[in-house]
Amino acid sequence: MMNPKSRVQEWEADHVELIPGMPDDVAVDCLARVPHGSYRSMRRVCRGWRSAAAAPEFALARAEAGANEDLVFLMQFGNPVAGDDGAPENAPAYGVAVYNVTTGEWHRESSAPPVPMFAQCAAVGTRVAVMGGWDPKTFEPVADVNVLDAATGVWRRGAPMRSARSFFACAEAGGKIYVAGGHDKLKNALKTAEAYDAEADGWDPLPDMSEERDECDGMATVAGDRFLAVSGYRTGRQGGFERDAEWFDPATREWRRLERVRAPPTAAHVVVRGRVWCIEGTAVMEWRGERRGWLEVGPYPPGLKAGTARAVAVGGGERVVVTGAIESEGGGGGHALWVFDVKSKNWTVVRPPPQFAGFVFSLASVRV
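Residues numbered from 1 in each chain as written. Predicted model: local features only at pLDDT ≥ 70, side-chain atom pairs only at ≥ 80, totals over all residues. Heavy atoms only, no water.

Labelled according to an unreviewed UniProt entry, the protein chain appears under the name F-box domain-containing protein, originating from Triticum aestivum.

Put into structure tokens, the structure is as follows:
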């Protein structure tokens, strides 16, 4: 049996300095400042750098160095009018685009597996799960799940959902990704729900909601630990969006109804610092409960066409990113992003490169 001293000597013999002549803690501090766009290249340099970048302490080192970057992942259709400056001919019709809010850079996740049409995404920690959608050949819903670790750039196949579905509510709450509602291959609205543990790669079947909810919105509740499925419509009421919601209580494993919390059906919902926001009409509204209702907290994104918005909070609620169509008198105004600074309450319009100006169906954010 090897004694402790021998183990130390063996480790010292095998250990290779991350940067020759530099203490490892200082080297990690240097590596932590490498831009996220260079992660894949950095990890290929040597095994030591790859191990350092994968360690939990690396994320802490980036935060302490002020090197964090906020990434928004967009499930996006290709832009048919991109022209010569657009995506390459073999680019998928629907795929994963990434906007770096910190640097303003764009790129496409070229290493992503084939993405079903209308697949949706949600993030927990640095993991982004791409789920469900339509098979591009049969146009039937699928149960597929693929997971990207944004910190390492590595994709893996995830455990499939228990039910194939599309146009469902999804969001992270309490460290799990919840999905609920949507419709099946016969276009029947669903009231089934399930929760995904990205760490264990497993799905937990949940009790059914009280109502079928096709095309419902998903978000976390005010406390951030409970999942909320907002609005949607039943099979027999195609397009008849309900003005209510249901939230799942993980302690009792029961769904509870909330009445009159839905703004117009074309609204975009997002949770910002524990508050539910609605972007629709002429302003950004915040839900203050049954008694106070909706309260205006900011102006409407300038030039955003009504009914086209998708929204996500980034940086712990410091900013909100909205994507949608640009209002144009003649139509064909294209798509853009609007970034809202929560503190100053100002909007910045971001015009993406032509190849990233297609319609966005779902989006999620990650800080790395």
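Chemist: So what about the packing of aromatic side chains? Which residues, and what values?
Modeler: Taken as a whole and judged by the stated rule, the model has 21 aromatic pairs. Aromatic side chains Phe77 and Tyr94 sit 4.5 Å apart centroid to centroid with 55 degrees between the ring planes, which places their arrangement in the tilted category. With Phe77 in strand β1 (residues 70-77) and Tyr94 in strand β2 (residues 94-100), this residue pair connects regions lying 17 residues apart in the sequence. Relative to Trp134, the ring of Phe118 has its centre 5.0 Å away and its plane inclined at 70 degrees; by these criteria the two rings are edge-to-face. In this pair, Phe118 is assigned in the loop between β3 (106-108) and β4 (120-124) and Trp134 in the loop between β5 (127-131) and β6 (145-149), connecting sequence segments 16 residues apart. You'll find Phe118 and Trp134 in the same group, each marked buried. (Phe/Tyr/Trp six-rings, centres within 6.5 Å; stacked < 30°, edge-to-face > 60°. Helix = DSSP H or I, 4+ residues; strand = E, 2+ residues; numbered from the N terminus. Buried < 20%, exposed > 50% of the residue type's maximum accessible area, 1.4 Å probe, protein only.)

Chemist: Tell me about the state of the cysteines, and name the residues and values.
Modeler: Following the criterion strictly, the structure yields zero disulfides and no others. For the unlinked cysteine Cys170, the closest cysteine sulfur is that of Cys121, found at 6.8 Å. Assessed through its relative accessible area of 11%, Cys170 is described here as buried. Of the cysteine sulfurs around Cys216, a residue in no disulfide, the closest is that of Cys170, at 9.4 Å. Judged by its relative accessible area of 5%, Cys216 is buried. (Disulfide = S-S within 2.5 Å.)

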